[in-house]
2 protein chains.
Amino acid sequence: MSEPSKKPATIEDVAKLAGVSIATVSRAIRNPEKVAESTRKKVTTAIARTGYTANAMAQNLRMRRSKMVLVLAPSIADPNFPGILIGLEKVANARGYGVLIGNTDGAIPLEETYMRFLSTGMADGLILLTGHVPVAGQPGSPNSLPATVTVGRPVEATTLPYVGVDDVAASKMATEYLVSLGHRRIAYISGGPGDVLSDLRHQGYLNGLAECAAPLQDWRLEGDGSSESGRAAVERLFIKDTLPTAFFCFNDNTAIGVIAALRLRGYRVPQDFSVIGFDDIPFASNITPALTTIRQPRSQIGERAMDRLLDRLEATPTATDAELLHGDLVVRESCGPAQT
Amino acid sequence: MSEPSKKPATIEDVAKLAGVSIATVSRAIRNPEKVAESTRKKVTTAIARTGYTANAMAQNLRMRRSKMVLVLAPSIADPNFPGILIGLEKVANARGYGVLIGNTDGAIPLEETYMRFLSTGMADGLILLTGHVPVAGQPGSPNSLPATVTVGRPVEATTLPYVGVDDVAASKMATEYLVSLGHRRIAYISGGPGDVLSDLRHQGYLNGLAECAAPLQDWRLEGDGSSESGRAAVERLFIKDTLPTAFFCFNDNTAIGVIAALRLRGYRVPQDFSVIGFDDIPFASNITPALTTIRQPRSQIGERAMDRLLDRLEATPTATDAELLHGDLVVRESCGPAQT
DNA sequence: TTGTAAGCGTTATCAA
DNA sequence: TTGATAACGCTTACAA
């Protein structure tokens, strides 16, 4: 227990109490082996008695770093975000780093604002979930990007390291699953015309279709990743005379909308139609019928991303390539054998 | 555009280029009015030409603060968390602060770990979503708590400022709504025996029952806030001969479980039973039937909490009392008139 | 209105 | 093995 000292103890207080110089105290802490056993002991007890904790600001100023990572996310409310954040946070904390959150809401000006953490040195590295490089960090820009890892949504036209699920492989798996259930008319509901992720998943879907002996048609319907767009896509579909028997949706949200629309029209899922989603958001198992989907290894994605970022920060040589993690097929109740 | 300078420009670079002292540069930035128009201009252009950005570490060291707030949350995955975080983050950013995330997972040792941000001066203030004071900051502890605001879950036995929804009033409203629909046998499914929030909501429920002319019975069933516990509570109920006609659930998760159990037994909601939740989590409107519930003003809670914390940090005199925000009744489809 | 200089609390170099 | 001491980059009296 320390006296009711007003100000926190400094290294000097410790030095005084231990009867050594501040240099020795610093050494005793950072390079114990370079200090005599006896003095080290004196220092240790002095530290305990003063309740000393090194002032991070002073340390960081001196060492020119902050041990802080900025995470730029387009939407904290995205159902995938918490899981990824947990992973990021977990390894950051384990490795002595702090995680600074920046919610950009997709607004460029806000992104700019957050970049100040980097330019002022409050953060050492950057995790980008936004899918694009902030203009303040663009190649030609005065202050270029610091150590960066992109996550969840690859950044086009850059060579930044990326960590995410293997969208193509996972989507192929989902499609093949539908095929294996006997479906031959399978629709893909996209996540928006220009969406990178959506295109990747569409590619996987095409690959899946290609695996089938029978020639299967590419049946792409535009959505935008929202539940509402899933609903709308189904509505548009019912104007036509021919219908798919199964839906592979860009994400779970869309799938939920699709199921809702189908049921509203009196159809049963999975008896009349099969629908499979992507993400395995927390509520996927709570809807009726429980959603069959592809699980994104969110926490793992976060962990790997942070590990790679910190490796770079700590100068450990690191590859700059993309790291695609395996997504699992989670079979629940929304898919069934095709009606013949 | 600056030269391809290796190291970021310092205040000294600016001073040199502008032909003034570093003190003047500092002044020109922080107290422009105390600097001659002409020199201020020279400084401004010099800053632009060098691409100077003040080193936050140096500033913070000198000014003995960090402009950083630590947010300690028991679970990032909690459906209420993102909304609150958005609010916290929004005003923090607007006021020039950064938000540091600490996911404690309910683990005390982890909490300890995060307190290092406070003790080392990396963070100036603390937002507590955990519902309890970290032991490292306990009253008797060597290093007591810095400026703190508790959020979402009041911390017992402390006088820390609190911001959250008015659980009692909102629960009363929910109960009265059920009563107004003609329900007379209303069950409350709790969030766990010792849970503060659950007890508050139970109290509101009792208050609501008391408003009714007819004497209504307190019918409390134990749950734990999980969907599963809602399911289980219903199952236990069906052993009895008399049943409630409506359920007021501790939270939406529980309500979802209740509805699932009811439907599994072949009952219809809201025709046969009414169920109302609490929180209005994002998926409340996506389940079938869409959930009637109490909406927590999550973002607003976060905003108010951060505002109050920063007010304290910046020495603006602030009240230390609790701030209870109004929760709205969101009427959707899960409640209907009582069967007579 | 401007400059000089004393810190802020560390780390790390260089002698002793 | 230890101790002076010079940075790290900034803010802010105090003088000029």
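Remember, predicted model here, so these are calculated numbers, not experimental data.

1. What about the interface of chain A and chain B?
Here is step 1 of the chain: In this assembly, 45 residues from chain A lie in contact with 45 residues from chain B.
Here is step 2 of the chain: Regarding the contact of chain A and chain B, the summed buried area is about 3,700 Å², with carbon and sulfur atoms giving 65% of it.
Here is step 3 of the chain: Counting the surface chain A buries against chain B, the share from its top three residues, Met57, Asn93 and Phe283 of chain A, is 17%.
Here is step 4 of the chain: Counting the contacts that link chain A with chain B gives zero salt bridges.
Here is step 5 of the chain: At the junction of chain A and chain B, the tally comes to eight residue pairs in polar contact (both at pLDDT 80 or more).
Here is step 6 of the chain: Counting residues per element, the ones that place at least two in the side of chain A that touches chain B are helix H4 (56-63), helix H5 (81-94), strand S2 (98-103), helix H6 (108-119), helix H9 (227-237) and helix H10 (252-264) of chain A.
Here is step 7 of the chain: Class assignment of the residues belonging to the side of chain A that touches chain B gives a composition of 22 nonpolar, 17 polar and six charged.

2. Brief notes about the protein's contact with DNA strand C
Here is step 1 of the chain: With respect to spatial proximity, 27 residues lie near DNA strand C, and among them Ile11, Arg30 and Arg62 of chain A together with Arg27 and Thr39 of chain B are the closest.
Here is step 2 of the chain: What you see for DNA strand C is that sugar and phosphate hold 62% of its atoms within 4 Å of the protein.
Here is step 3 of the chain: With respect to DNA strand C, the backbone of Ala36 of chain B contributes an N or O atom lying 2.8 Å from a phosphate oxygen.
Here is step 4 of the chain: Taking Arg64 of chain B, its side chain carries an N or O atom lying 3.2 Å from a phosphate oxygen of DNA strand C.

3. A short note on the protein's contact with DNA strand D
Here is step 1 of the chain: Near DNA strand D lie 25 residues; those nearest to it are Thr24 and Arg27 of chain A together with Ile11, Arg30 and Arg62 of chain B.
Here is step 2 of the chain: A share of 63% of the atoms of DNA strand D within 4 Å of the protein falls on sugar and phosphate groups.
Here is step 3 of the chain: At a separation of 3.0 Å, a base nitrogen of DNA strand D approaches a polar side-chain atom of Arg62 of chain A.
Here is step 4 of the chain: Residue Gln59 of chain B places a side-chain N or O atom 2.9 Å away from a phosphate oxygen belonging to DNA strand D.
Here is step 5 of the chain: Listed by contribution, the elements that provide at least two residues to the surface near DNA strand D are helix H2 (22-30) and H4 of chain A together with helix H2 (22-30) and helix H4 (56-63) of chain B.
Here is step 6 of the chain: Split into classes, the residues belonging to the surface near DNA strand D amount to 12 nonpolar, seven polar and six charged.

What counts and what doesn't
- Residues numbered from 1 in each chain as written.
- Chains lettered and ligands numbered in written order.
- Predicted model: local features only at pLDDT ≥ 70, side-chain atom pairs only at ≥ 80, totals over all residues.
- Heavy atoms only, no water.
- Contact = heavy atoms within 4.5 Å.
- Buried area = accessible area lost by both parts, 1.4 Å probe.
- Salt bridge = Lys/Arg side-chain N within 4 Å of Asp/Glu carboxyl O.
- Polar contact = N/O pair within 3.5 Å; in protein donor to acceptor, adjacent residues only side chain to side chain.
- Helix = DSSP H or I, 4+ residues; strand = E, 2+ residues; numbered from the N terminus.
- Nonpolar A, V, L, I, M, F, W, Y, C, P; charged D, E, K, R; others polar.
- Near = heavy atom within 4 Å.

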